[in-house]
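An overview of the molecular structure
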Amino acid sequence: MQTASTILMVRPANFGFNVDTAANNIYQQQDERPSQVIRFLARQEFDGFVALLRDQGVEVIVVEDTEEPVKTDAIFPNNWFSTHPDGRLILYPMFSPNRRLERRKDIIEQLMSLGFKVNEIVDLSFFEQDGQYLEGTGSMVMDHDAKVIYACYSERTHAVPLDYLSKILGYQVISFEAAQEVDGQLIPIYHTNVMMHVGTEFAVVCLESIVRALDRQKVQESLTKSGKKVIPITAKQKFHFAGNMLEVRNDGGEKFTVMSQAAYDSLNAGQIQMIEKYTTIISPQIPTIEKLGGGSARCMMAEIFLPRA
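Quick caveat: nothing in here was measured; it's all calculated off a predicted structure.

Here we look at the overall build of the protein
Scanning the protein for helices and strands turns up 10 helices and 17 strands. For the protein, the C-alpha radius of gyration of 18 Å lies close to 19 Å, the compact-globule estimate for 309 residues. Residue burial in the protein is summarised as follows: out of 309 residues, 57% are buried. Residue pairs in contact within the protein that sit at least 24 positions apart in sequence constitute 75% of those at least 6 positions apart. Accessible surface for the protein amounts to roughly 12,500 Å². Of this, 49% is attributable to carbon and sulfur atoms. Of the charged side chains in the protein, 30 are positive and 39 negative; the average position of the first set lies 3 Å away from that of the second.

Take a look at the structure:
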């Protein structure tokens, strides 16, 4: 269950820099190039990424973004929904009002038309009314096998919806504060999946970003207890999206760790060797998407765990 063999990805129509989300996502950077150039490059990078996954036998459902309304971050669908083997599809409360437009009923209908069973839609978007957010598998990194949710609190990840979801799923929550130094100041990491990844047999974690030593120990012990080999990464590597990975598998059961080329290039030989001991690496080149979107390879993939009809 930890690894999906079907991935849903949204091909962008109007990819660009989102001023609203840049307020607490320091990974986003402005770009002076014309918007049509940026959109063209983003689509080119997206298509190359999909091709790499499909070349390895991973099933990828590509959904076209709609031109209207404009959704600069539609390329990151993992923030607004998650799917589960019991047929539940969960919708999440989003920090940025313009990102709430990404929740599309027609995408759910498309999954159903492809033969996936959606038995129940659990809509948590009502938390937005109280300024409480939980942005899907960006805010949380789930160890489905061990039934554990790892989450660092931020302006996009709040305790109340997190606890609510954990009760729905029957998962234990390991929560903590994680921070990064920017211009000499410590600021919260906006999404947990920036600083950690949990696969079937190993986990990649920026332990040094976890503020309290006790929490650091708690995360490490929980991962070890669930049988994961812990591969630590540095804060510098995290800034290159080395924590933003996802394990997927193909129809033959072969496992792959997907990370961007920038993430791969930041890793040392020992870290790469350890990951390749368990999985094959797929590393798309997505520099435009990373720079303007402030998200990387994992953010672009929504796992489909739904049963087939």
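A closer look at the sheet that holds strand E16 (residues 280–282)
Strand order in the open sheet formed by three strands is E14-E15-E16, with mixed pairing between adjacent strands. If you trace the sheet from one side to the other, it starts and ends with strand E14 (246–249) and E16, each paired once. Taking the axes of each pair of neighbouring strands and ignoring which way they run, one obtains an average angle of 35 degrees across the sheet.

Quick notes on the packing of aromatic side chains
Going through the model one piece at a time under the given rule, you end up with six aromatic pairs. Between Trp80 and Phe81 the ring centres are 4.5 Å apart and the planes differ by 45 degrees, which places this aromatic pair in the tilted class. One exposure class covers both Trp80 and Phe81, and it is buried. Ring geometry for Phe202 and Tyr278: centres 5.7 Å apart, planes at 25 degrees, overall stacked.

Considering the nonpolar core
Of all hydrophobic cores here, the largest spans 33 residues; its most connected members are Tyr150, Phe176, Met195, Met196, Leu223 and Ile275. Residue assignment for this core shows that the elements contributing at least two residues are strand E7 (148–152), strand E8 (172–176), strand E11 (196–198), strand E12 (202–205), helix H6 (213–225), strand E13 (229–232) and helix H9 (269–278). Ranked by residue count, the leading element in this core is E12, at four residues. Excluding its chain neighbours within four sequence positions, the residues that come into contact with Tyr150 are Ser139, Met140, Val141, Asp143, Ile174, Phe176, Thr192, Met196, Val198, Val219, Ser222 and Leu223. Counting residues in each nonpolar core, the second largest holds 27 residues, with Ile7, Val58, Leu246 and Leu292 among its members.

Here's the deal with the state of the cysteines
Structurally, a disulfide amounts to a covalent bond that connects the sulfur atoms of two cysteines. All chains considered together, the criterion is met by zero disulfides. The structure places no disulfide on Cys152, whose sulfur is separated from the nearest cysteine sulfur, that of Cys206, by 11 Å. Here Cys152 falls in the buried class, since its relative accessible area comes to 0%. Among the cysteines around Cys299, which has no disulfide bond, Cys152 carries the closest sulfur, lying 12 Å off.

Digging into the pattern of salt bridges
Taken as a whole and assessed by the stated rule, the structure comprises 17 salt bridges. Residue Arg88 is joined to Asp86 by a salt bridge in which the shortest nitrogen-to-oxygen separation is 2.8 Å. The partner of Glu102 in a salt bridge is Arg99, and the shortest N-O contact between them spans 2.7 Å. Arg99 carries the same exposure label as Glu102, and that label is buried. Bridged by salt links that share partners, the residues Glu177, Arg212, Asp215 and Lys218 form one connected network.

Some thoughts on the side chain of Ser175
Note that Ser175 resides in strand E8. Only 3.2 Å separates the side chain of Ser175 from the side chain of Tyr153, close enough to count as a polar contact. Excluding residues within four positions of it along the chain, Ser175 makes contact with Ala151, Tyr153, Asp215 and Lys218.

Some points on helix H3 (residues 105–113)
Within the sequence span of H3, burial applies to Ile107, Ile108 and Leu111. Buried residues of H3, viewed axially, fall in a sector of 100 degrees; they line one side. Turned more than 90 degrees away from the buried face of H3 sit Lys105 and Ser113, all of them exposed. Buried residues along H3 sit against strand E1 (6–11), strand E2 (59–64), strand E3 (81–83), strand E4 (88–91) and strand E5 (120–123). One or two positions beyond H3, positive phi appears at Gly115, with a value near 100 degrees.

Things to note about unusual backbone geometry
A cis amide bond, omega -10 degrees, links Glu68 with the succeeding residue Pro69. Within the secondary structure, Pro69 is located in the loop between E2 and E3. Although it is not a glycine, Lys147 adopts a positive phi angle of roughly 55 degrees. Note on placement: Lys147 falls in the loop between strand E6 (140–143) and E7. Exposure remark for Lys147: the relative accessible area of 44% places this residue in the partly exposed category.

Rules used throughout
- Positions within a chain are numbered from 1, following the residues in the order the chain's sequence is written.
- Thresholds applied to this predicted model are a pLDDT of at least 70 for local features of residues and 80 or more for the giving and counting of side-chain atom pairs; totals over whole chains, interfaces and linings are not thresholded and use all residues.
- To get the side-chain values, take all heavy atoms of the structure and skip hydrogens and water.
- Strands are runs of DSSP state E lasting at least 2 residues, helices are runs of H or I lasting at least 4, and numbering of each runs from the N terminus.
- Computation of the radius of gyration draws on C-alpha atoms, with the globule rule given as 2.2 Å multiplied by the number of residues to the power 0.38.
- Only protein chains enter the accessibility calculation, which uses a 1.4 Å probe; a residue whose area is less than 20% of its type maximum is buried, one above 50% is exposed, and one in between is partly exposed.
- Contacts are assigned to residue pairs with any non-hydrogen atoms lying within 4.5 Å of each other.
- Only the protein chains shown count as cover for residues, with accessible areas throughout obtained via the Shrake-Rupley method and a probe of 1.4 Å.
- Only four residue types enter the charge count: Lys and Arg as positive, Asp and Glu as negative, with His and the chain ends excluded.
- Charged side chains are reduced to one point each, which is NZ for Lys, CZ for Arg, CG for Asp and CD for Glu.
- At least two bridges found by DSSP between two strands is the condition for calling them paired.
- Axes here refer to lines fitted to C-alpha atoms; in helices the fit is confined to the stretch in contact. Angles between the N-to-C directions go from 0 to 180 degrees.
- In summary, the pairing rule links any two rings of Phe, Tyr or Trp, Trp by its six-membered ring, whose centres are within 6.5 Å, and it sorts them by plane angle into stacked for under 30 degrees, edge-to-face for over 60 and tilted for everything else.
- Grouping buried Ala, Val, Leu, Ile, Met, Phe, Trp, Tyr and Cys residues that are joined through side-chain atoms within 4.5 Å yields what is termed a nonpolar core.
- For this text, the term disulfide refers to a pair of cysteine sulfurs within 2.5 Å.
- One side-chain nitrogen of Lys or Arg within 4 Å of one carboxyl oxygen of Asp or Glu is enough to make a salt bridge.
- Polar contacts, as used here, are pairs of N or O atoms within 3.5 Å; protein pairs need one atom able to donate a hydrogen and one able to accept it. Residues neighboring in sequence count only if both atoms are side-chain atoms.
- Within this analysis, the arc is defined by the directions that extend from the helix axis to the C-beta atoms.

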